Amino acid sequence: MTDAGFQSETISMDPPAIAPERDLMSKFDGLIAERQALIDTGVIDPFAIVMDQVKSPTEAVIAGRDTILLGTYNYMGMTFDPDVIAAGHAALDQFGSGTNGSRMLNGTFRDHMEAEAALRDFYDMSGAIVFSTGYMANLGMISTLAAKGEYVILDADSHASIYDGCAQGNAEIVRFRHNSVEDLDKRLGRLPKEPAKLVVLEGVYSMLGDVAPLKEMVAVAKKHGAMVLSDEAHSMGFYGPNGRGVYEDQGLEGEVDFVIGTFSKSVGTVGGFCVSNHPKFEAIRLACRPYIFTASLPPSVVATAAASIRKLMTAHDKRAQLWANARQLHGGLTAMGFRLGTKSPDSAIVAVILDDQEQAVAMWQMLLEDGLYVNMARPPATPAGTYLLRCSLCAEHTTAQIDAVLAKFATAGRAVGAIG
């Protein structure tokens with residue numbers, strides 16, 4: 001029998017074609033290709049350096065070669081301080097390797113409290129909260145402080161952690177031109193007066209090493225009724241008479257509402273913090289998701305932090321040496337004809353600006369092969385179109401080491417055409 005509706009054409013039994021699903025990793029193809037092209041030219045990957053051994057705050061072994069470290073943010077050279085290391089050993093022996101919990105549950109140990117006490121003493125402030133990193137401190141404080149209907153006003157060149165703190169929160173975000181007091185004033189003046197506002201600033205900007213005009217900016221913020229948060233990650237330890245940062249150096253104690261910092265630079269370990277004199281500051285612990293929902297730092301880490309912070313309170317000779325080193329390096333590179341990020345040694349960061357990525361990579365590799373490690377930085381970490389080699393000085397660098405650094409820069413700079 002034949003079904004009257006049957007059609008004689010052949011019917012395929014294969015499943016219908018389905019459009020291939022988009023691979024979530026495909027968005028990174030451009031980055032992968034760019035990195036591979038760099039490797040194919042024989043260049044060492046600047047973002048995959050492995051230190052085989054660290055001998056001191058200023059020396060390491062990289063690819064089997066003794067290397068001067070000039071790109072580690074170890075500003076005060078505390079990583080090998082005997083008292084700091086001893087404190088870490090003692091905590092490791094007494095409390096073990098980890099906490100297995102958040103600060104809100106079982107993750108607060110004696111040395112967490114000691115690190116916060118050391119911070120209160122160092123900054124002469126009533127409140128201190130330790131986070132797992134400086135990144136998390138910005139993420140937590142900014143997203144918690146400013147809520148829906150309120151405003152965060154930030155410098156356009158702010159660190160990624162500041163932008164991410166804004167993204168995690170629900171506040172309205174307003175950017176102003178980098179280090180422009182006038183633009184900050186204009187932007188604040190356009191906002192409605194009633195909502196609460198937080199102005200987020202940085203004492204030292206990490207790419208070029210330039211310093212914010214905090215005194216003028218804080219005055220503008222207060223004129224418009226805004227609170228101020230200053231990130232002093234790259235100035236703690238050596239800026240100001242007590243090493244508290246740019247805000248102290250510019251006489252703004254009592255004017256800045258919240259100070260953010262990190263343990264991974266001058267303190268020489270890992271972790272982040274916020275300090276404040278606000279009478280309700282402790283409430284942050286009850287509302288801040290990046291504080292509540294993450295494991296606390298190991299006891300050995302916060303013990304080293306506490307020991308280091310207390311030593312930094314009286315590290316006046318180290319501060320003086322770091323500034324002397326900055327002047328020596330900045331002056332030497334300027335005399336050779338390099339284009340630098342700042343006209344004077346404004347911080348412990350000295351940025352050498354180059355023409356393009358090819359020149360920056362070539363010079364970076366020549367320096368590394370000659371026993372000098374610096375950071376290579378490029379967009380989006382740097383301002384658009386800016387390629388640079390970033391030098392981070394340490395109080396433990398000797399005059400002889402900086403002389404050697406200058407000689408290496410001279411050789412590499414001439415080879416790539418950065419100087420005549």
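Everything discussed here concerns the structure shown above.
Residues numbered from 1 in each chain as written. Predicted model: local features only at pLDDT ≥ 70, side-chain atom pairs only at ≥ 80, totals over all residues. Heavy atoms only, no water.

**Student:** Tell me about the sheet that holds strand β1 (residues 51-56), residues and numbers included.
**Tutor:** Strand order across the open sheet formed by four strands is β1-β2-β3-β12, with mixed pairing between neighbours. The sheet is open, and its two edges are formed by β1 and β12 (372-373), each paired on a single side. Of the pairings in the sheet, the one linking β1 to strand β2 (residues 59-62) comprises four bridges and is antiparallel in character. Across the sheet, S56 pairs through a bridge with E59, a residue of β2. The strands touched by helix α14 (residues 399-416) are β2, β3 (65-69) and β12; relative to β3, the strand with the most contacts, the crossing angle is about 105°. (Pairing = 2+ DSSP bridges. Helix = DSSP H or I, 4+ residues; strand = E, 2+ residues; numbered from the N terminus. Contact = heavy atoms within 4.5 Å. Axes fitted to C-alpha atoms, helices over the stretch in contact; angles between N-to-C directions.)

**Student:** Can you tell me about the packing of helix α3 (residues 110-123) against helix α11 (residues 299-312), naming the residues and giving the values?
**Tutor:** Here α3 crosses α11 at 20°, and the two axes come no closer than 8 Å. Regarding the angle of α3 to α11, the classification is roughly parallel. As for how α3 packs across α11, the hand of that crossing is left-handed. On α11, the residues touching D111, H112, E114, A115, A117, A118, L119, D121 and F122 of α3 are P299, V302, A303, A306, I309, R310 and L312. Residue composition of the contact of α3 with α11, by class: 11 nonpolar, one polar and four charged. (Parallel < 35°, antiparallel > 145°, perpendicular 65-115°, else oblique. Left-handed = near helix turned anticlockwise from the far one by under 90°. Nonpolar A, V, L, I, M, F, W, Y, C, P; charged D, E, K, R; others polar.)

**Student:** Tell me about the packing of aromatic side chains, residues and numbers included.
**Tutor:** Applying the stated rule across the entire model yields 12 aromatic pairs. Both rings, one in Y75 and one in F238, keep their centres 5.3 Å apart while their planes meet at 65°; by these two values the pair is edge-to-face. Taken together, the residues Y75 in the loop between β3 and α2 (82-95) and F238 in the loop between β8 (227-231) and α8 (246-249) connect sequence positions 163 residues apart. By relative accessible area, F238 is classed as buried at 3%. Taken together, a centroid distance of 5.8 Å and an interplanar angle of 65° make the contact between F238 and W323 edge-to-face. (Phe/Tyr/Trp six-rings, centres within 6.5 Å; stacked < 30°, edge-to-face > 60°. Buried < 20%, exposed > 50% of the residue type's maximum accessible area, 1.4 Å probe, protein only.)

**Student:** Describe the pairing of β3, naming the residues involved and giving the relevant values.
**Tutor:** Taken together, the four bridges between β2 and β3 define a ladder with antiparallel strand orientation. In the strand pairing of β3, V61 is matched with D66. Counted along the chain from β2 to the antiparallel partner β3, the turn is two residues long, and its residue A63 has a positive phi close to 55°. Sheet analysis places β3 next to β12, joined by two bridges and oriented parallel.

**Student:** Any chance you could break down unusual backbone geometry for me, citing the residues and the numbers?
**Tutor:** Most of the time, phi is negative for any residue but glycine, and the peptide bond is trans. Although it is not a glycine, A63 adopts a positive phi angle of roughly 55°. Relative to the assigned elements, A63 resides in the loop between β2 and β3. Here A63 falls in the exposed class, since its relative accessible area comes to 63%. Even without being a glycine, D124 presents a positive backbone phi close to 55°. With respect to the element layout, D124 can be found in the loop between α3 and β4 (127-131). A residue is classified by how much of its surface remains accessible, and D124, at 58% relative accessible area, is exposed.

**Student:** Tell me about the state of the cysteines, residues and numbers included.
**Tutor:** One pass over the full model with this rule turns up zero disulfides. With no disulfide of its own, C391 has C394 as its nearest cysteine by sulfur position, at a separation of 13 Å. Note on C391: relative accessible area 0%, which makes it buried. (Disulfide = S-S within 2.5 Å.)

**Student:** I'd like a description of the packing of helix α6 (residues 181-190) against helix α7 (residues 214-223), backed by residues and values.
**Tutor:** Across the interface, α6 lies against α7 with an axial gap of 9 Å and an inter-helix angle of 10°. As far as their axial angle goes, α7 and α6 are roughly parallel. Residues V181, L184, D185 and L188 of α6 form the contact with α7, whose participating residues are E216, M217, V220, A221 and K223. Grouping the constituent residues of the contact of α6 with α7 by class yields six nonpolar, no polar and three charged.

**Student:** Would you mind going over the environment of T144 in detail, with residue names and values included?
**Tutor:** Here T144 shows up in helix α4 (residues 134-145). Note: C-alpha distance between T144 and I284 (140 residues apart in sequence) is 7.4 Å. Here T144 is in contact with I284, A287, C288 and R289, once residues within four sequence places are set aside. Only 2.6 Å separates the side chain of T144 from the backbone oxygen of G140, close enough to count as a polar contact. (Polar contact = N/O pair within 3.5 Å; in protein donor to acceptor, adjacent residues only side chain to side chain.)

**Student:** Explain the environment of G261 to me, using residue names and the numbers behind them.
**Tutor:** By the secondary structure assignment, G261 is in strand β9 (residues 258-262). Using a relative accessible area of 1% as the deciding quantity, one classes G261 as buried. Along the sequence, G261 and I62 sit 199 residues apart, while their C-alpha atoms lie 29 Å from each other.

**Student:** Outline the sheet that holds strand β13 (residues 375-377), supporting the account with residue identities and numerical values.
**Tutor:** Adjacent strands of a sheet pair through backbone hydrogen bonds, lying either parallel or antiparallel. Strand order in the open sheet formed by three strands is β11-β14-β13, and the pairing between neighbours is antiparallel. Looking at which strands have only one partner, the edges of the open sheet turn out to be β11 (349-354) and β13. Strand-to-strand twist of the sheet, defined as the mean angle between neighbouring strand axes without regard to direction, takes the value 25°. In this sheet, strand β14 (residues 387-392) lies alongside β13 in antiparallel orientation, the contact comprising three bridges. Across the sheet, the residue bridging to M376 is L389, located in β14.

Just geometry here; none of it tells us what the structure is for.
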